[in-house]
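# Structural overview
The chain contents come next:
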Amino acid sequence: MLQPDNNSCGGLGRELQLPVPPQPAREHSGVLAGLIRERIHESGGSISFERFMEMALYEPGLGYYSAGATRFGEAGDFITAPHVSPLFSRCVARQCRQALAALSGGDILELGAGSGIMAQDLLLELEALDSLPERYLVLETGADLRMRQQELFSSRIPHLLPRITWLEKLPEQSLNGVIIANEVVDALPVTRVALNKGELRELCVGHDGDDFFWVEAPCGDDGIATAWERIAADLPAPLPEPYRTEINLRAGAWMRSISGILKQGVMLLIDYGYPRHEYYHPQRDQGTLLCHYRHRSHEDPFFYPGLQDITASVDFSALAQAAPENGLQLAGYTSQAHFLIGCGLAEIAASAQNGAGHPYPAVSGQVKRLTLPGEMGERFKAIAFTRNFTEPLMGFQFIDQEDQLWR
């Protein structure tokens, strides 16, 4: 039987110190919220949080990534590493150059290119290094984001447009080269669970009028209990109760579909998260779910659906476990700071400081933000997988922390 959660929270985030969206945005959110309520009624009073998150982010024409508003950068809701500094993308480009050279050429496929700024800076760096890929493929399902990327490239790198191809789904033909996903896995819809008195319960979503709230439900035959048993078996000690967290049931299928198109080369994922023993740490008893709205972070996923980003940290151990199941080899795991250093950040930053229009304080500040533990340096991680590729990857030669995945 479904039970309302005593810690349920309202859908409008009234107690949060967040800016009130303008009226047109509130009306837009209201349409999506109404659609979600219809799905709740159709499902008998609740839907999984995974389904709620999927609709909030990806519902055609209404979801956060599907509706056309600015999401990235200073004018959006959050800033990614490519927006902090082109140094990030230039370092990633050096890793791509090494891989493409070992393969004697090939393609680059970027998953979810966002604003397009990483692709722009990466291609410019590869051009400067005389190492352009044969093709730069951009997998982007959102029509508005594709249009924004095309506008950016047309205005800033028009001479490179012939190399760029947009895709709405994974290519049917396998490729040799590099697959890149920067802050993609954290946006996969997750399942929320609660552990209390030795029982695992799924946290679903119900509604009361305009407000959404958490609803506890028994775990059905949808793989939740099995996935949790596998997670719990990897933990050094039982977790305290009550305990709330997330399980990404889609990560394995995502890895399977992406790896299936890589004939030979490298898959590079950069995202924020933890190895399993840190993800499911006893002190992380409320999970890792996080929302971003106008550069403010908070924990209410029900605040104006469609107007805010909803993410969960990545369980990197789960990705590593899925690799051999999909014919991939784990090629490295480390912090973003160590990855960038391994890719020549110091050299690239020095050259940027000597360039026109790049004063030392600006470049130094960008380096600090990308690498310091209190900024992006430690919270973000890089993990790489390979197929039919044996050359050690430069981004993981400075410090490789693979052992942390298996503690």
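Right above here is the structure, for reference.
Calculation rules
Residues numbered from 1 in each chain as written. Predicted model: local features only at pLDDT ≥ 70, side-chain atom pairs only at ≥ 80, totals over all residues. Heavy atoms only, no water. Pairing = 2+ DSSP bridges. Helix = DSSP H or I, 4+ residues; strand = E, 2+ residues; numbered from the N terminus. Axes fitted to C-alpha atoms, helices over the stretch in contact; angles between N-to-C directions. Core = buried A, V, L, I, M, F, W, Y, C linked by side-chain atoms within 4.5 Å. Buried < 20%, exposed > 50% of the residue type's maximum accessible area, 1.4 Å probe, protein only. Contact = heavy atoms within 4.5 Å. Expected span 1.5 Å × (residues − 1). Arc of directions from axis to C-beta. Parallel < 35°, antiparallel > 145°, perpendicular 65-115°, else oblique. Left-handed = near helix turned anticlockwise from the far one by under 90°. Nonpolar A, V, L, I, M, F, W, Y, C, P; charged D, E, K, R; others polar. Phe/Tyr/Trp six-rings, centres within 6.5 Å; stacked < 30°, edge-to-face > 60°.

For the rest of this paragraph, the subject is the sheet that holds strand S12 (residues 290-293). Overall, antiparallel pairing links the 3 strands, which are arranged S13-S12-S14 in an open sheet. If you trace the sheet from one side to the other, it starts and ends with strand S13 (296-298) and strand S14 (309-311), each paired once. Each adjacent strand pair in this sheet contributes to an overall mean axis angle of 25°, direction not counted.

Formed by 48 residues in total, the largest nonpolar core has its most connected members in Val92, Ile108, Leu122 and Phe339. Broken down by element, this core gets its largest block of residues, 8 residues, from helix H4 (residues 86-102). When near neighbours in sequence (up to four residues on either side) are disregarded, Ile108 contacts Cys96, Leu100, Leu122, Leu126, Pro133, Arg135, Tyr136, Leu137, Val178 and Ile180.

As a further point, take the environment of Leu139. Along the chain, the position of Leu139 falls in strand S4 (residues 136-139). Along the primary structure Leu139 and Gly112 are separated by 27 residues, whereas in three dimensions their C-alpha atoms are 5.8 Å apart. Once residues within four sequence positions are removed from consideration, Leu139 is found in contact with Leu109, Glu110, Leu111, Gly112, Ala113, Leu167, Glu168, Lys169 and Leu170.

Bringing helix H5 (residues 117-128) into the picture now. Spanning 12 residues, H5 covers 17 Å between terminal C-alpha atoms, matching the ideal 16 Å at 1.5 Å per step. With 9 of its 12 residues buried, H5 lies for the most part within the structure.

By the burial criterion, the buried members of helix H12 (residues 345-354) are Leu345, Ile348, Ala349 and Ala352. In an axial view of H12, the angular spread of the buried residues amounts to 100°, which keeps them on one side of the axis. Exposed positions of H12 whose direction lies more than 90 degrees from the buried face are Ala346, Glu347 and Asn354.

One way to put it is that H4 packs onto H5 with a least axis distance of 8 Å and a crossing angle of 55°. It follows that H4 is oblique to H5 by the angle criterion. H5 is crossed by H4, and the crossing has right-handed handedness. In this structure, H4 contributes Pro86, Phe88, Ser89, Arg90, Val92, Ala93, Arg94, Cys96 and Arg97 to the contact, and H5 contributes Met118, Asp121, Leu122, Glu125 and Leu126. Residue composition of the contact of H4 with H5, by class: 8 nonpolar, 1 polar and 5 charged.

In this section: the packing of aromatic side chains. Summed over the entire model, instances satisfying the criterion amount to 17 aromatic pairs. Judged by centre distance (5.9 Å) and plane angle (25°), the rings of Phe49 and Phe52 are stacked. Taken together, the residues Phe49 and Phe52, both in helix H2 (residues 49-58) and 3 residues apart, mark about one turn of the helix. Ring geometry for Trp228 versus Tyr280: centroids 5.7 Å apart, planes at 85°, classification edge-to-face. With a gap of 52 residues between them, Trp228 in helix H7 (residues 224-234) and Tyr280 in the loop between helix H9 (276-279) and S12 connect regions that are remote in the sequence. Here the two residues Trp228 and Tyr280 agree in accessibility, since each one is buried.

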